[in-house]
Amino acid sequence: MSDDHDHSHHDHDHGHEHPPAAPEPAMVEDAGSRALAEALKSSFFIVQVVMVVMVGIFLFSGFFKVGPNERAIILRFGAPVGEGNKALLGAGLHWSFPYPIDEVVRIPYSEILQVKSTVGWYFTTPEQEALNNEGQGGASLNPAVDGYVITGDGNILHSRATLYYRVEDSIRYKFDFVNASNTVQSALDNALIYAASRFNVDAVLTSEIARFQETVRSRVTKLVEAQNLGIVIEHCEVQSRPPRQLKTAFDAVLTAVSARDKLMNDALSDQNRTTNRAAADAAGIINAAQAQGIALVDAVGAEATNFADLLPRYQANPELVENILLYETFGHVLTNAQEKWYIPEHADGKPWEIRLQLSREPQAPKQSVAMPSPH
């Protein structure tokens, strides 16, 4: 009976499946640690790769190029790398630590820079400047927006200047001034006002335009050298105009001045022509008189020499000398005569009587006429 009971119990066990046994806690911890370690290892590798790439990008970003018309200076934590001109980097490819370790400062070198002074110019918009249509202005000048300069004779003018310069000392130009170009423009403003105060209105607009421009250039050069900006002035252009409200009056004055100058130039030309012609005539008369005087003096000197040579002979035999002189005189007087006769005088001084028989001109011989021969 016990066997049946065991057998039935065995059959009952086979009729119902039992769940597997749960793993032990130590085994679960080992698997989790291995998974976490592998995940950390993969993550660390990825982080390493990313860091290497970022470092490469960081270092590669330090390359920079300097143009042919500029120089560059590397500031490392605010201080230049190198001393003096050695700190200047020339044209080409260079490298520095990226910001914020290094900072690259570019400085114009051989490029021609320019600044404009409009302190003495009326207000215009860029569109008006581009179209060359600056308007007629208001009824009167508005000092709040319109600039102007005052000339030495108390007139108001509009004047503006453009200065072209080149940087010679790049370090001084960049680091000794907060904004060197503003300093140059201030010097140009000063020079424009200074020059206007030393010219009258006609000189600025018409008669001495070049000298006015040169005065502006000389003044700004003096100020730049005094402040030691490290630049070289290349050229200065100055443009001046009368107030727009008085343009008609100024044009009338300029027309009158132009007509006056033309008349004066014509008169001076006539004067020069007349003076030159009179001087030429006077020179010709003087030269002719001097030549005649020299010839007369030479002739008189020659006659005096001949007389001095002839005097002893005359004193020795006056009659012979007289006859010789007489024959020479006849030779000069009767040079073209074919026949010459000399008629001496009688002892009593009476001339000889000469009778000439003059016949008519000889007749031409008659030409014989040939008779026809008989047949």
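For clarity, every value in this text was computed on a predicted model and none was experimentally measured.

**A look at the overall build of the protein chain**
Inference 1: Regarding its fold elements, the protein chain presents 9 helices and 9 strands.
Inference 2: A separation threshold of at least 6 residues defines the contact pool for the protein chain, and within that pool the share at least 24 residues apart is 74%.
Inference 3: Accessible surface, the protein chain as shown: approximately 28,400 Å² in total, 58% of it carbon and sulfur.

**As for unusual backbone geometry**
Inference 1: Located in the positive-phi region is Asn228, a residue other than glycine, with phi close to 55°.
Inference 2: Inspection of the secondary structure puts Asn228 in the loop between α7 (209–227) and β9 (231–241).
Inference 3: On the basis of relative accessible area, Asn228 is assigned to the partly exposed category, the value being 38%.

**Topic: the side chain of Ser240**
Inference 1: Positionally, Ser240 belongs in strand β9.
Inference 2: Within the structure, the side chain of Ser240 is placed 3.1 Å from the side chain of Ser159, a separation counted as a polar contact.

**Remarks on the nonpolar core**
Inference 1: Core analysis: the largest hydrophobic core is formed by 33 residues, its most contacted members being Leu163, Tyr165, Leu188, Phe212, Val216 and Ile231.
Inference 2: Listing elements by their share of this core, those giving two or more residues are β6 (112–120), β8 (156–167), α5 (180–196), α6 (201–207), α7 and β9.
Inference 3: In terms of residues, this core owes the most to one element, α5, which gives 8 residues.
Inference 4: In contact with Val216, not counting residues within four places along its chain, are Leu188, Ala191, Leu192, Ala195, Cys236 and Val238.

**Here's the deal with the packing of helix α8 (residues 247–316) against helix α9 (residues 318–333)**
Inference 1: Contact pair α8 / α9: the axes reach a minimum separation of 5 Å and the direction vectors enclose 125°. Put simply, α8 runs oblique to α9. Across the interface between the two elements, Leu310, Arg313, Tyr314, Gln315 and Ala316 from α8 touch Pro318, Val321, Glu322 and Leu325 from α9.
Inference 2: Looking at the contact of α8 with α9 residue by residue, the classes come out as 6 nonpolar, 1 polar and 2 charged.

**Some words on the sheet that holds strand β5 (residues 102–108)**
Inference 1: Taken in spatial order, the 3 strands line up as β3-β2-β5 in an open sheet, and their pairing is antiparallel. The outermost strands of the open sheet, each flanked by one partner alone, are β3 (79–80) and β5.
Inference 2: Pairing between strand β2 (residues 70–76) and β3: 2 bridges, direction antiparallel. Of the residues in β3, the one forming a bridge with Arg76 is Ala79.

**Observations regarding the environment of Arg160**
Inference 1: Turning to its location among the elements, Arg160 is positioned in strand β8.
Inference 2: Arg160 gets classed as buried once you look at its relative accessible area, which sits at 18%.
Inference 3: Put simply, Arg160 and Val119 are 41 residues apart on the chain and 7.1 Å apart in space, counted from C-alpha to C-alpha.

**Topic: the packing of α5 against α7**
Inference 1: The interhelical angle for the contact between α5 and α7, taken along N-to-C directions, is 140°, at an axis separation of 8 Å. When the interaxial angle is binned, α5 and α7 end up oblique. Along this stretch, α5 crosses α7, giving a crossing that reads as right-handed. Residue-level contacts link Thr183, Ala187, Leu188, Asn190, Ala191, Leu192, Tyr194, Ala195 and Ala196 of α5 to Phe212, Thr215, Val216, Arg219, Val220, Leu223, Val224 and Gln227 of α7.

**Here we look at the environment of Ser197**
Inference 1: Along the chain, the position of Ser197 falls in the loop between α5 and α6.
Inference 2: Classification of Ser197 by relative accessible area gives partly exposed; the value is 35%.
Inference 3: In this structure, the C-alpha to C-alpha distance between Ser197 and Gly152, residues 45 residues apart in sequence, is 4.4 Å.
Inference 4: Dropping the residues within four chain positions of it, Ser197 is found in contact with Ile150, Thr151 and Gly152.
Inference 5: A distance of 2.7 Å separates a polar atom in the side chain of Ser197 from the backbone oxygen of Tyr194.

**Things to note about the confidence of the model for the protein chain**
Inference 1: With 78% of its residues at a pLDDT of 70 or more, the protein chain has an overall mean of 79.
Inference 2: Highest mean pLDDT in the protein chain belongs to α7 (94); lowest belongs to helix α1 (residues 2–15) (46).
Inference 3: Taken together, the stretch residues 1–16 has pLDDT below 50 and engages in 0 contacts with residues farther than four places along the chain or on a different chain.

**Thoughts on a nonpolar patch on the surface**
Inference 1: A grouping of Phe45, Ile46, Val49, Val50, Val53, Met54 and Ile57 is seen on the molecular surface, where their side chains present a nonpolar patch of about 680 Å² in accessible area.
Inference 2: With respect to the helices and strands, the residue Met54 is situated in helix α2 (residues 25–60).
Inference 3: Looking at Met54, the relative accessible area reads 54%, which means it is exposed.

**What to know about α7**
Inference 1: The first and last C-alpha atoms of α7 sit 28 Å apart over 19 residues, in line with the 27 Å expected at 1.5 Å per residue.
Inference 2: When we look at burial in α7, the residues that qualify are Phe212, Thr215, Val216, Val220, Thr221, Leu223 and Val224.
Inference 3: On its buried side, α7 packs onto β8, α5, α6 and β9.

Rules and cut-offs
- Residues numbered from 1 in each chain as written.
- Predicted model: local features only at pLDDT ≥ 70, side-chain atom pairs only at ≥ 80, totals over all residues.
- Heavy atoms only, no water.
- Helix = DSSP H or I, 4+ residues; strand = E, 2+ residues; numbered from the N terminus.
- Contact = heavy atoms within 4.5 Å.
- Areas by Shrake-Rupley, 256 points an atom, 1.4 Å probe, with all protein chains shown as cover.
- Buried < 20%, exposed > 50% of the residue type's maximum accessible area, 1.4 Å probe, protein only.
- Polar contact = N/O pair within 3.5 Å; in protein donor to acceptor, adjacent residues only side chain to side chain.
- Core = buried A, V, L, I, M, F, W, Y, C linked by side-chain atoms within 4.5 Å.
- Axes fitted to C-alpha atoms, helices over the stretch in contact; angles between N-to-C directions.
- Parallel < 35°, antiparallel > 145°, perpendicular 65-115°, else oblique.
- Nonpolar A, V, L, I, M, F, W, Y, C, P; charged D, E, K, R; others polar.
- Pairing = 2+ DSSP bridges.
- Left-handed = near helix turned anticlockwise from the far one by under 90°.
- pLDDT = per-residue confidence, 0-100.
- Patch = residues over 30% accessible without salt bridge, like charges linked within 9 Å, V, L, I, M, F, W, Y side chains within 5 Å.
- Salt bridge = Lys/Arg side-chain N within 4 Å of Asp/Glu carboxyl O.
- Expected span 1.5 Å × (residues − 1).

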